[in-house]
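Spelled out, the chains give:
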Amino acid sequence: MTSHAEENEDGEYERAVKRFKKNQEEEEEEDGEQRTEDEDGGDAAPAPGGGDRDHLSGARKHASAGKENGDDAHRIAPSPVVHVRGLCESVVEADLVEALEKFGTICYVMMMPFKRQALVEFDGLESADKCVTCGANEAVYIAGQQAFFNYSTSKRITRPTNSDDPSSGNKVLLLSIQNPLYPITTDVLYTVCNPIGNVLRIVIFKRNGIQAMVEFETVQNAQKAKAALNGADIYAGCCTLKIEYARPTRLNVIRNDNDSWDYTKPYLVRREQGKGRQRQAILGEHPSSFSDNGYGSHCPLLPLPGKSRYKRSSHEVPEVVAYPLPQASSYISHSSSSVAMVSGLHPSKMNCTRVFNLFCLYGNIEKVKFMKSVPGTALVEMGDEYAVDRAITHLNSIKVFSKRLSVCVSKQHAVIPSQVFELEDGTSSYKDFAMTRNNRFTSAGQASKNIIQPPSCVLHFYNVPPCVTEEELQRLCTEHDVPGFIKYKVFDAKPCSKTISGLLEFDSKTHAVEVLTVLNHYQIRIPNGSNPYTLKLCFSTSSHL
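Structure report, in brief. (Residues numbered from 1 in each chain as written. Predicted model: local features only at pLDDT ≥ 70, side-chain atom pairs only at ≥ 80, totals over all residues. Heavy atoms only, no water.)

## What about the sheet that holds strand E5 (residues 145-151)?
Rule in force here: A pair of strands is considered paired only if DSSP assigns at least 2 bridges between the two. Secondary structure elements are defined from DSSP: runs of H or I of at least 4 residues count as helices, runs of E of at least 2 residues count as strands, and each element is numbered from the N terminus. Under this scheme, a helix contributes an axis fitted over its contacting stretch, all axes are lines through C-alpha atoms, and angles between N-to-C directions fall in the 0 to 180 degree range. Two residues qualify as a contact provided that any one of their heavy atoms is within 4.5 Å of a heavy atom in the partner residue.
Spatial ordering of the open sheet is given by E2-E3-E1-E5-E4, a layout of 5 strands whose pairing is antiparallel. In the strand order of this sheet, the two ends are held by strand E2 (106-112) and strand E4 (140-142), each with one partner. If you compare each strand with its neighbour and ignore which way they point, the axes differ by 35° on average. As judged from the 4 bridges shared by strand E1 (residues 81-85) and E5, these two strands associate in the antiparallel manner. For Val84, the partnering residue across the bridge sits in E5 and is Phe149. Running at roughly 130° to E5, helix H4 (residues 125-137) makes contact with E1, strand E3 (117-122), E4 and E5 of the sheet.

Here it is in structure tokens:
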């Protein structure tokens, strides 16, 4: 475990990680079905990120009922749990409570920020019925945007604490950080949480993504923090917080550093940065263009909704909280690895180059090595541990060539080219990518041009010669035995431009992933051309064309 919690806490952290991994798999299974339902106007409830398989099953039944009965919400059996969709990107739990508490007492809220949806559990059927009926007859606005309501087939939202008392809570919160584009440290989380209520202890652990447990002084402080921050972005467009109550009622911390901190014991020794063997850095700590303050410009401010509701010690919470810039020193870590272990790779269709094509979207790739002792498993050494975190967040549990990938942090701290053998396609089991020009994060300027996106059914293509047509791109897919695209859009280029770019939409996210894995960095040669063009692909921010 990456955290420094004592052994009697380890079991709780392990279970939290397993729940996180299980939830990712459930959301992945629902993704294709949910996209179709949303486009058709259906009211299907997706599998909530923190729920269990009962919610997943309920969502599928809900989808079926929605398609058969159209928008008639009352055809679905009434439930105290209401599914809310059409939320704006900036909505947090407190916004839902503020807009919906007029219908009755709200027991629990489960946010699904990336889907812009939520589940809201009322204290009774009558309150839920008022909410659904009102939403069907008139516009109900949440954080300034109209939302839509329907019953969920789940009768109760499963709490991580498994408590039968809907009003119960815990002063320890479990934070899941989704799309962690920037480093997450104890300093960052303290700055985020402490203005709402006194934070006593923080433990961060990284295995299948980044999670943290934050212990507040009181249950009331934890409740306020959950309401104010659940669904919010720490930094603009990334590092989204998904918050639930944790199982442990107290955290045990033995060391104060970037991954754990006990604010009641300032005398705990902070880990020194010089200990442990580190590889020699050829060009120093960071590029000269990398600001001493981290990422350069000041990070955006995040408003806290309803400032009058969140008070501590008779002082109002500031209207906005300024989050700290990632510091250069936060890149030094001894508890995490810059090596990812990837299993579930197709034995004949995946090789080192194709692994690079997929993982390079989330950070520089140094080396890739397939393990001879574990078929279908590879080690991917990336530029730093945060690149590994991003890869885990976006690629864990996705399907590639009918096999589901499992991506986690490796215990190895470097990839060593030992036991090199030949893969089924005849290529080497090891390849060094440190000097390739296809790495996309080699400088601060180049890295800033990358938009970190989860896999989607739309690919953005660029660096394509203007003479290449839609038919030629379609033929390229056919020649390489990957699915063809269903829609094509090319962006208007400047008259003097030597390349074109555009979008390709596929039937499913899986098809898009497979095409990117195979054709990313394909060399396009044109007649009488001296040098080939390198086709660049990445996932688009568009959900469809």
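On we go.
## Digging into the packing of aromatic side chains
Any two aromatic rings considered together are summarised by their centre-to-centre distance and by the angle between their planes. Selection rule: Note on aromatic contacts: the rings of Phe and Tyr and the six-membered ring of Trp form a pair at centre separations within 6.5 Å, being stacked when their planes are under 30 degrees apart, edge-to-face when over 60 apart, and tilted otherwise. For every residue, the accessible area (1.4 Å probe, protein chains only) is compared with the maximum for its type, and the residue is labelled buried under 20%, exposed over 50%, or partly exposed between those bounds.
Here the structure, examined in full by the defined rule, presents 7 aromatic pairs. Between Trp261 and Tyr263 the ring centres are 5.9 Å apart and the planes differ by 25°, which places this aromatic pair in the stacked class. Here Trp261 falls in the buried class, since its relative accessible area comes to 17%. The exposure class of Tyr263 is partly exposed, given its relative accessible area of 23%. Taken together, a centroid distance of 6.0 Å and an interplanar angle of 15° make the contact between Phe461 and Tyr488 stacked. Taken together, the residues span a long stretch of sequence, with Phe461 in strand E23 (residues 458-464) and Tyr488 in strand E24 (residues 487-490) at a distance of 27 residues.

## Structural notes on the sheet that holds E24
Reading across the sheet, the 4 strands line up as E24-E25-E23-E28 and stay open at both edges, with antiparallel pairing between neighbours. In this open sheet, the two edge strands, each paired with only one partner strand, are E24 and strand E28 (536-539). Neighbour-to-neighbour, the strand axes of this sheet turn through a mean angle of 20°, independent of strand direction. In terms of strand pairing, E23 meets E28 through 4 bridges, oriented antiparallel. Of the residues in E28, the one forming a bridge with His460 is Cys538.

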